[in-house]
Amino acid sequence: MEAYNDIKNKLLAINQDISHIIQDALSIDGLASQSIKAWQSATARIERQLAEETIRVAVVGSIKSGKSTLTNALFGGDYLKRGAGVVTSIITRIQPGHGLRARLEFKTWDEINADINQALILFSSTSPEDGGGDFDINDEKDRLRLQHDLSRLNTDQLVSDDTLDPNCVLLTEYLSGYNRVKGIVSSEPVTHMFESDDFHKQKDFVGDESLAVYLRDVCLTLEAPRGFGENLEVADCQGSDSTNPLHLVTIQDYLIQTHLIIYVVSSRTGVRRADIRFLNLIKKMGLTKNILFVINCDFSEHETLADLKGLVGRVEKEVGMIFPAPCVFTFSALYNLFKSIDYKGGVEQAIARKDRRRLEQWREENDMVAFSDQQTETFLKAVIQKVSMDRFALLLVSNLERISSISSGLRDWIRINQDLLKKDAGEVQEAFSKMGKRQEASDQITMVIKDTLDGTTLKLRRNLGNDVERFFDSKSGEIVQDLTRFIRSYNLSIKDYEKDLDASGFLPTLYRIFQTMQQTANLFIAESINPKLVNFVRQEEKKAGDVFEQVAGPYSLMIKDAVKQYQRTMKKLGIKIQDRPFKAVRSPDVDSVKSDARLNIPRLAGTIQYSTRIKTEAILRLSIYKTVKTVKKLLKKPVKEGPDSAMRSLEASVRGIKKQMQESIKDHFLDYKESLKYQYVFKLVDAMSIELYEALTDRMRAFTGNLSDMKGLIENKGLAKDRLAEELASMQTSLNVALKETRTLEKLVAIHE
Ligand SMILES: Nc1nc2c(ncn2[C@@H]2O[C@H](COP(=O)(O)OP(=O)(O)OP(=O)(O)O)[C@@H](O)[C@H]2O)c(=O)[nH]1
Ligand SMILES: [Mg+2]
């Protein structure tokens, strides 16, 4: 990262110098040529790209493994709430900058109500007697009724599979936080800032589940750790034990945009089942390239260093079964955190007395401390290496190439002007007519390139669009087929719910069944469908890259030919321009185009929005069941009370739910397909095509300049020739410095590449 930042800053400085020279050129009357203007916007683009490019690092791992502690240790202070809760799936992003700042973004009332209404499908509160209307958290009657219903739930209803029913927990948290957020939340998204002295108040929000459920995004601005650049974003992802699909998907969404994953395992637990499951998921998503493992060790848990090393060996072996030869580092994040707070001092950062005692105690563990310190150091080096190397080739190399191309073009341009100034009117006339022909030929080539590239782009759009259609096809597509098969074969033993039916009645039992089915389906989507989807998108991105790569070669050759002809003409006219190698233009890098055009894969499916038809149908079935009972009573027929008929109704309802779920899933992926196609794939193809075209015309311009504008300059009678010669000479001097620096930088990049 040190090298990365160093080179980046040098690159920015050269870019700025060149931009000044261009500005000088533009300030001379008659010099505002098209190529000069194009170079000006290219320098602006380089600056923007270098400034905005963000390298994303995600800190993940199972619950309470020490992710927040590690992130805090990295930034050298207790900034993130340690030991925060588990209901919310908040990802806290940290962006380096100056001064402490926390930006909290709240959900809107509509989003909150939508969340709640999803959780309420088939919940007893929406019983037919209530009319089953939509819940509105701002309506006191609704809140009181939900409160009442939640308090009536017995333990059996609250706990399923040994965990608290996530929907009930969500509803409870929403209710309990309401009074404190009602003054903040609005119908529009609201952002709240906590700055400097107030910064730590953000922890009260993020750390309190009943407030955190109202948050949509949390972003902190902290001083960058030493050696880290400002273009880095570190995300502390809340731990999840993989059973909550919503958490999984939120993290998945972030992970597909990250360049480095830091996976934290606690030495207290070692690798757990949840870890294996999560790691498999990471692998299935194709994110195996850049992952570092940290065993966050608790010094108090291990008798000796040998004991700790034994655990390290075990973890390496277990992780190695999923990721061959993993990079594992072992250190105590909490010790590192205490140490850096202690080192920094300061009142608000003062280390608590109890913690200090722990720190003193740990310091006595000489062997372990030395091991932890050494591992921390190698870990930091590895992080810096990974994040900088990853983007090196992409960002720096491509922009350096652009700068080099602009400055060489500019140098030729100055040269030609200088030579033309020395000629008499007749010679200039001749030069223009000869070079004008060459210019026409170059323009023609550019036009041919534009036309054929447009054709290729259209065809590619069509092809990729068909791929997307096929992949999501509701009959033959892999995704919908997988899901339909999953739901069809989902075996639910209704008999297991007989007790529930007796204890809580028809609707609450159906609610529980629906919850279980929904959770299972969502988990299936997160673990099996989303990885397939991500891999599919990658494959399409690669296809696009390959197609553009294939055409970039021949186009480059065409330009090279034109350039050769152009240079020959120049030579004949006695205009000396330096020979320089012609570098072929390559297809633009997908990641850079994505970042430049701010394109992201549409958000993965967290939860399928199940239609309220599920509710209506169940209610209908319940009323039929009740009516049959009443009619039988009226007809004085024996009413077969109890489980049998109720169980049959329940079975029928479950069949109905399955059908509705399939419908909702189909609808969901139909929507997803559309947004993937129009908001991502097509936009990506277009952006790549534009970028390739710009790179090609840039290259052409760099060699052939734009002659027609020079004509204006030479013919500009108002401008004294010697004054112009002076200006050009001064521009050349500044450019020579920039060119020399560019060469040095090229050598430096070559070393690091
Ligand atoms: N003794 C000891 N405690 C630690 C260590 N690392 C973290 N802890 C404590 O373990 C608790 C959980 O740590 P966090 O950093 O919040 O864990 P997390 O992975 O962010 O947890 P979630 O985000 O809730 O999944 C906190 O109270 C930490 O202070 C360690 O090395 N030793
Ligand atoms: Mg945490």
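Above this text is the structure in question.
Residues numbered from 1 in each chain as written. Chains lettered and ligands numbered in written order. Predicted model: local features only at pLDDT ≥ 70, side-chain atom pairs only at ≥ 80, totals over all residues.

**Q** Account for the nonpolar core, with residues named and values stated.
**A** Within the largest apolar cluster, 170 residues are counted, with the highest numbers of intra-cluster contacts made by Val-59, Leu-122, Ile-261 and Leu-510. In terms of residues, this core owes the most to one element, helix α19 (residues 506–572), which gives 21 residues. When we break this core down by domain, the ones giving at least three residues each are domain 1 (53–107 + 189–364) and domain 2 (463–709). Excluding anything up to four places from it in sequence, Val-59 contacts Lys-67, Leu-70, Thr-71, Val-234, Ala-235, Asp-236, Cys-237, Ile-262 and Val-264. (Core = buried A, V, L, I, M, F, W, Y, C linked by C-beta atoms within 7 Å. Buried ≥ 20, exposed ≤ 12 C-beta atoms within 10 Å, placed from the backbone. Helix = DSSP H or I, 4+ residues; strand = E, 2+ residues; numbered from the N terminus. Domains from an automatic or database assignment. Contact = placed C-beta atoms within 7 Å.)

**Q** Explain the sheet that holds strand β3 (residues 101–106) residue by residue, including any values.
**A** Pairing in this open sheet of nine strands is mixed, and the strands run β6-β3-β7-β2-β8-β1-β9-β10-β11 from one edge to the other. Strands with a single pairing partner mark the edges of an open sheet, and in this sheet they are β6 (190–195) and β11 (327–331). Shown here is a sheet whose adjacent strand axes are inclined to one another by a mean of 20°, direction ignored. Bridging between strand β1 (residues 55–61) and strand β8 (residues 232–237) involves five bridges; their strand directions are parallel. Paired with Val-59 across the bridge in β8 is Asp-236. With respect to the sheet, helix α12 (residues 305–320) is in contact with β9 (260–266), β10 (291–296) and β11, its orientation differing from that of β11 by roughly 150°. (Pairing = 2+ DSSP bridges. Axes fitted to C-alpha atoms, helices over the stretch in contact; angles between N-to-C directions.)

**Q** So, helix α2 (residues 34–52): which residues are in play, and what are the values?
**A** The terminal C-alpha atoms of α2, which comprises 19 residues, lie 27 Å apart, in line with the 27 Å expected from a rise of 1.5 Å per residue. Listed as buried for α2 are Ser-35, Ile-36, Trp-39, Ala-42, Thr-43 and Ile-46. Each buried residue of α2 lies within a common arc of 115° when the element is viewed along its axis, so the set occupies one face. Projecting away from the buried face of α2 at angles above 90 degrees are the exposed residues Gln-34, Ser-41, Ala-44, Arg-48, Ala-51 and Glu-52. (Expected span 1.5 Å × (residues − 1). Arc of directions from axis to C-beta.)

**Q** Explain the packing of helix α10 (residues 245–255) against α19 to me, using residue names and the numbers behind them.
**A** The interhelical angle for the contact between α10 and α19, taken along N-to-C directions, is 25°, at an axis separation of 9 Å. In this view, α10 runs roughly parallel relative to α19, as classed from their interaxial angle. When the axes of α10 and α19 are compared, the crossing they make is left-handed. Contacts between α10 and α19 involve Pro-245, Leu-248, Val-249 and Gln-252 on the former and, on the latter, Gln-519, Asn-522, Leu-523, Ile-525, Ala-526 and Asn-530. A class-by-class count of the residues in the contact of α10 with α19 yields six nonpolar, four polar and no charged. (Parallel < 35°, antiparallel > 145°, perpendicular 65-115°, else oblique. Left-handed = near helix turned anticlockwise from the far one by under 90°. Nonpolar A, V, L, I, M, F, W, Y, C, P; charged D, E, K, R; others polar.)

**Q** Break down the pairing of β1 for me, citing the residues and quoting the values.
**A** Burial analysis of β1 places six of its seven residues in the buried class, the great majority of the element. Taken together, the five bridges between β1 and β9 define a ladder with parallel strand orientation. Among the inter-strand pairings, Val-60 is bridged to a residue of β9, identified as Tyr-263.

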